[in-house]
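Results of the structural survey
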Amino acid sequence: MRVGLALSGGGARGIAHLGVLKAMDELGVKISMISGVSSGAIAGVLYGYGYSPDEILKLIKELSVFQVMRPVFGKTGLLHLEEVEKLYNKYLGAHLTFEDLKMPVVVSATEMNEGVTAYFSSGEVIKPLLASSAVPILYQPVRYQGKLLNDGGLLNNLPIEPLYNNCDVKIAVHVNPINHQAQITSLRGMIERTVMLAINNNIKLRLNQCDLFLEPQELKSYRLTSFRKADEIFDVGYRYAKRMERHIRQQINKN
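Residues numbered from 1 in each chain as written. Predicted model: local features only at pLDDT ≥ 70, side-chain atom pairs only at ≥ 80, totals over all residues. Heavy atoms only, no water.

In the nomenclature of an unreviewed UniProt entry, the protein chain is known as PNPLA domain-containing protein of Pontibacter korlensis.

And the structure:
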């Protein structure tokens, strides 16, 4: 039985993916493949490398987001990802390839020139992983294999497609539920809300393509930048997946 996970992006909310993965481990659900974008890609690669969900949470808590963001004021982005790349090199190895991972992992990014989603599942891991969460305008794009790459969530924040023909059960984990009672009171809040609404719109066409759609509603109360609440967000994902055990087992047993 091949179980595949599609992990959405969502900034700090993506930490909930780790809680879901921990619950899956405890339920004895063996994951055969992960397709991730942005924070979902980070969780998928670190998990596929062999780190446990708790170990990944510890890493995230030790790394200050603000320490790795430096302004460059270039033509195509305000921040660059050199410090983030150093961290990936430290914890994953500079020459890590997808073939080195303990399970198939697919990382998606947006090819800005062509305006299409680019999927990466072989060769070098670090560059595609950096590109997958490089939010346009905010971060400089990543140039790799002749492509100009930015955040994959721009076009596809629920990359279920790579699981087709490779998995018997396709489970999507979406960490960006819309808070319909939100009160926008600042420019920062307006920008964050605009990004979230735009990105959420592209998941609708994919909802009927997965066998099970998981979306912890408690995440509505967390911002995309709530990294200081990592423990809480992890716990939201963990408790939610535990509550969904019956539905998860139903899908697996049905196939």
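There is more to say, and it comes next.
1. Considering the environment of Asn253
Looking at the secondary structure, you find Asn253 in helix α8 (residues 245–254). Sequence-wise, Asn253 and Glu124 are 129 residues apart; in three dimensions their C-alpha atoms are separated by 36 Å. (Helix = DSSP H or I, 4+ residues; strand = E, 2+ residues; numbered from the N terminus.)

2. Examining helix α4 (residues 82–92)
Looking at α4, one finds that the buried residues are Glu83, Val84, Tyr88, Tyr91 and Leu92. Angular distribution of buried residues about the axis of α4 spans 145°; they occupy a single face of the element. Exposed side chains of α4 directed beyond 90 degrees from the buried face belong to Lys86 and Lys90. Directly after α4, the chain includes Gly93, whose backbone phi takes a positive value near 95°. (Buried < 20%, exposed > 50% of the residue type's maximum accessible area, 1.4 Å probe, protein only. Arc of directions from axis to C-beta.)

3. Describing the environment of Lys254
Looking at the secondary structure, you find Lys254 in helix α8. Sequence separation between Lys254 and Lys30 is 224 residues; the distance between their C-alpha atoms is 16 Å.

4. Re unusual backbone geometry
For Ser38, which is not glycine, the phi dihedral falls at a positive 55°. Within the element layout of this structure, Ser38 appears in the loop between β2 (31–37) and α2 (39–49). Backbone geometry places Asn165, a non-glycine residue, at a positive phi of 65°. Accessibility expressed as a relative area gives 76% for Asn165, which makes it exposed.

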